[in-house]
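Descriptive analysis of the structure
The residues making up each chain are set out below.
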Amino acid sequence: MKRTSRDIRTANRYEVLRQIIAESPTSRQELAAATGLSLATVATLVGELLDLRMITEVGFEDSAGGRPRGLVAVNASGGALIGVDIAETYVHVELFDLALNVLARADEDMRPGESRPEQVVGQVAATVGSVVAQAGVEAARVLGVGVSVPGQVDRDSGVAEYAPNWNWHDVPFLDLLAEHIAYPLYLDNPLRACAVAELWFGAARGRGDAVVVNLGTGVGAGLALGGGLHRGVSNSAGEWGHTTLVLDGRLCHCGNHGCVETYVGAPGIMQNLRELSPRSALLHPEDQTATIDALARAGAAGDPVALKVVRDTARYLGAGISDLINLLNPEVVVLSSWVAARLGEPLLDEVRRAVTRHTLRRPLAATEIVLSPIPTDPVSLGAATFALEGALQSVGHRTGTTAKRTTTPARSRTAPPS
């Protein structure tokens, strides 16, 4: 898609604000060096962000023999952002200030059979209302709601095109949400959300090329290439969970056999346990979270069944990650999302050993494999940045006009800054 000068200006505004959030307080000169933009361009963009009250002047710092440099910092109270993480088993929502500090959070469990679009919409609307009430935030301060939904999405139209674990096809998800939520809405999926969170605050920060492996019920890989988010031509990049790992292997929800997801997603790990020890007390047949938690606790206590399941899962995962390393040659691979967080260091250690067996020596030597260091939910955090991106884009669309808040959901319909 050809980008207009307005799109480029929005992208630059977004990048400058991203740097200010990450490095507050900072000077215009430091921002120019970090972004590669000219000092004059940075000064103009900083002026726009000051006018929007997203940032504030915070004094001066001495420079070497020259005039003191003015410092700017994010104005944390200048607005609020909401990030929604919709997973196959839960809805998790966090409300952030403009510095992306968490002000409130809420959760709703999603039970089997409760994944029809109207049911999910109801849960999201209730949970968003809960965090707004908890934080005591005025509606006018909420700049937008970023929503992450599993599967393939059209972020411009707000349509969830395909969610194999729910058998969703072409669901107009944001239109359904807009009937219940009056804030501007922005849609993407957890692969992009996790990757952006790591780029802003996590293990991918300052890295040129990174892969963020999302391990939950579903599995995928968020790609940060050349220092920015890689979406692909149809916003479908990163569907690594549906690449073939085992020929004629387990049946996947997508209709294929042997997908990565069927061996290393939470249901796949449960199947690994079931095949090893069908009557294991660690297995909770209807509860993914309880099973993964039980495996983590038992593994820490030295239980041989749990240790074998983690080792077998890591063997599959390591083989899949080695393909990503050989193909993309990233600086870092980040294991993210709730399964990785719960299985933690034991899984990481086994994955590193498995990757070493399958990866070419040269790309392996340049790649670090780590757990996500982000203390909050990375999907909610990344989704909140989509709302921030949308708010800045909306400002660009209203340049030269009177900015008016409406109850019509705004959506990013031009080329994304990230």
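Note that the coordinates shown come from a computational prediction; the quantities given were computed from them, not determined experimentally.

**Points about the overall build of the chain**
Broken down by element type, the chain carries 13 helices and 16 strands. For the chain, the C-alpha radius of gyration of 22 Å lies close to 22 Å, the compact-globule estimate for 418 residues. When its C-alpha atoms are laid out on the principal axes, the chain stretches across 70 × 50 × 40 Å. Residues counted as buried form 55% of the 418 residues belonging to the chain. Long-range contacts, defined here as pairs at least 24 residues apart, represent 63% of the contacts in the chain between residues at least 6 apart. Approximately 17,900 Å² of the chain is accessible, and the part contributed by carbon and sulfur atoms is 50%. Within the chain, the 45 negative side-chain charges are centred at a point lying 4 Å from the centre of the 37 positive side-chain charges.

**Here's the deal with helix α6 (residues 190-201)**
Spanning twelve residues, α6 covers 16 Å between terminal C-alpha atoms, matching the ideal 16 Å at 1.5 Å per step. For α6, the buried fraction is high: eleven of the twelve residues fall into the buried class. The complete set of buried residues in α6 reads P190, L191, R192, A193, C194, A195, V196, A197, E198, L199 and W200. For α6, the side-chain oxygen to backbone nitrogen distance between the N-cap and L191 is 3.1 Å, and the N-cap itself is N189.

**Structural notes on the packing of helix α1 (residues 5-23) against α6**
One way to put it is that α1 packs onto α6 with a least axis distance of 10 Å and a crossing angle of 60°. Relative to α6, α1 is oriented oblique. Across the interface between the two elements, Y14, R18 and I21 of α1 pack against V196, L199, W200 and F201 of α6. Tallied by class, the residues present in the contact of α1 with α6 amount to six nonpolar, no polar and one charged.

**Points about the pattern of salt bridges**
Applying the stated criterion across every chain, the model contains 17 salt bridges. For R13, the salt bridge is made with E48, and the minimal N-O distance between the two is 3.1 Å. Of this pair, R13 sits in helix α1 while E48 sits in helix α3 (residues 39-51), and the two are 35 residues apart along the sequence. With relative accessibility at 2%, the residue R13 sits in the buried group.

**Concerning the pairing of strand β11 (residues 185-188)**
Here β11 shows no split at all, with L185 and L187 on one side and Y186 and D188 on the other all buried. Looking at chain direction, strand β7 (residues 142-148) and β11 are connected through four bridges and run parallel. Across the sheet, the residue bridging to V145 is L185, located in β11.

**Notes on the sheet that holds strand β15 (residues 332-336)**
The sheet built from five strands is open, its strands ordered β14-β13-β12-β15-β16 with mixed pairing. Edge positions in the open sheet fall to β14 (228-230) and β16 (368-371), since each of these has one partner strand only. Each strand of the sheet is rotated relative to its neighbour by a mean of 25°, with strand direction disregarded. The sheet contact formed by strand β12 (residues 210-215) and β15 spans five bridges and is parallel.

**Digging into the sheet that holds strand β8 (residues 152-154)**
With antiparallel pairing, three strands are arranged side by side in an open sheet as β8-β9-β10. Unpaired on one side and paired on the other, β8 and β10 (168-171) mark the two borders of the sheet. The sheet shows a mean angle of 15° between the axes of neighbouring strands, taken without regard to direction.

**A few points about the layout of surface pockets**
As a volume, the largest pocket reaches approximately 1,200 Å³. Taken together, 45 residues line the largest pocket, and the ones lying closest to its centre are E88, T89, T217, Q288 and W338. Broken down by secondary-structure element, the contributors of at least two residues to the lining of the largest pocket are β5 (90-97), β6 (102-109), α7 (261-264), α8 (266-276), α9 (288-300), β15 and α11 (337-358). A class-by-class count of the residues in the lining of the largest pocket yields 16 nonpolar, 16 polar and 13 charged.

**Considering the confidence of the model for the chain**
Averaged over all residues, the pLDDT of the chain is 91; the fraction at 70 or higher stands at 93%. Here residues 399-418 is modelled with pLDDT under 50, and outside its nearest four sequence neighbours on either side it reaches 55 contacts, counting other chains as well.

**Regarding the side chain of R192**
If you trace the backbone, R192 turns up in helix α6. If sequence neighbours within four positions are ignored, R192 has contacts with L229, R231, N235, S236, A237 and F386.

**Regarding the state of the cysteines**
Scanning the model with the defined rule gives zero disulfides in all. Just so you know, C252 is unpaired, no disulfide at all, and the nearest cysteine sulfur is the one on C254, 3.7 Å from it. On the basis of relative accessible area, C252 is assigned to the buried category, the value being 6%. A residue is classified by how much of its surface remains accessible, and C254, at 22% relative accessible area, is partly exposed.

**As for unusual backbone geometry**
The peptide bond linking S24 to P25 adopts the cis configuration, its omega dihedral lying at -10°. Assignment of secondary structure puts P25 in the loop between α1 and β1 (26-27). Unlike most non-glycine residues, D170 shows phi in positive territory, near 50°.

**Looking at the packing of aromatic side chains**
Two aromatic rings are characterised by how far apart their centres lie and by the angle between their planes. Applying the stated criterion across every chain yields a total of five aromatic pairs. Between Y263 and Y316, the aromatic rings sit 4.6 Å apart at their centres with planes inclined by 40°, giving tilted as the arrangement. In this pair, Y263 is assigned in helix α7 and Y316 in helix α10 (residues 304-328), connecting sequence segments 53 residues apart. These aromatic residues form a ring-pair network of at least three members: Y14, W200 and F201. Over the ring of Y316 we find R315; its NZ or CZ atom is 5.1 Å from the centre of that ring.

Rules behind the numbers
- Residues numbered from 1 in each chain as written.
- Predicted model: local features only at pLDDT ≥ 70, side-chain atom pairs only at ≥ 80, totals over all residues.
- Heavy atoms only, no water.
- Helix = DSSP H or I, 4+ residues; strand = E, 2+ residues; numbered from the N terminus.
- Rg over C-alpha atoms; globule rule 2.2 N^0.38 Å.
- Buried < 20%, exposed > 50% of the residue type's maximum accessible area, 1.4 Å probe, protein only.
- Contact = heavy atoms within 4.5 Å.
- Areas by Shrake-Rupley, 256 points an atom, 1.4 Å probe, with all protein chains shown as cover.
- Lys, Arg positive; Asp, Glu negative; His and termini not counted.
- Charge placed at Lys NZ, Arg CZ, Asp CG, Glu CD.
- Expected span 1.5 Å × (residues − 1).
- Polar contact = N/O pair within 3.5 Å; in protein donor to acceptor, adjacent residues only side chain to side chain.
- Axes fitted to C-alpha atoms, helices over the stretch in contact; angles between N-to-C directions.
- Parallel < 35°, antiparallel > 145°, perpendicular 65-115°, else oblique.
- Nonpolar A, V, L, I, M, F, W, Y, C, P; charged D, E, K, R; others polar.
- Salt bridge = Lys/Arg side-chain N within 4 Å of Asp/Glu carboxyl O.
- Pairing = 2+ DSSP bridges.
- 1 Å grid on protein atoms, 1.4 Å probe; cavity = no way out; pocket = protein on both sides within 12 Å on 5 of 7 lines; lining within 4 Å.
- Points joined across faces, edges and corners; volume = space filled by probe spheres on them.
- pLDDT = per-residue confidence, 0-100.
- Disulfide = S-S within 2.5 Å.
- Phe/Tyr/Trp six-rings, centres within 6.5 Å; stacked < 30°, edge-to-face > 60°.
- Lys NZ or Arg CZ within 6 Å of the ring centre and 35° of its normal.

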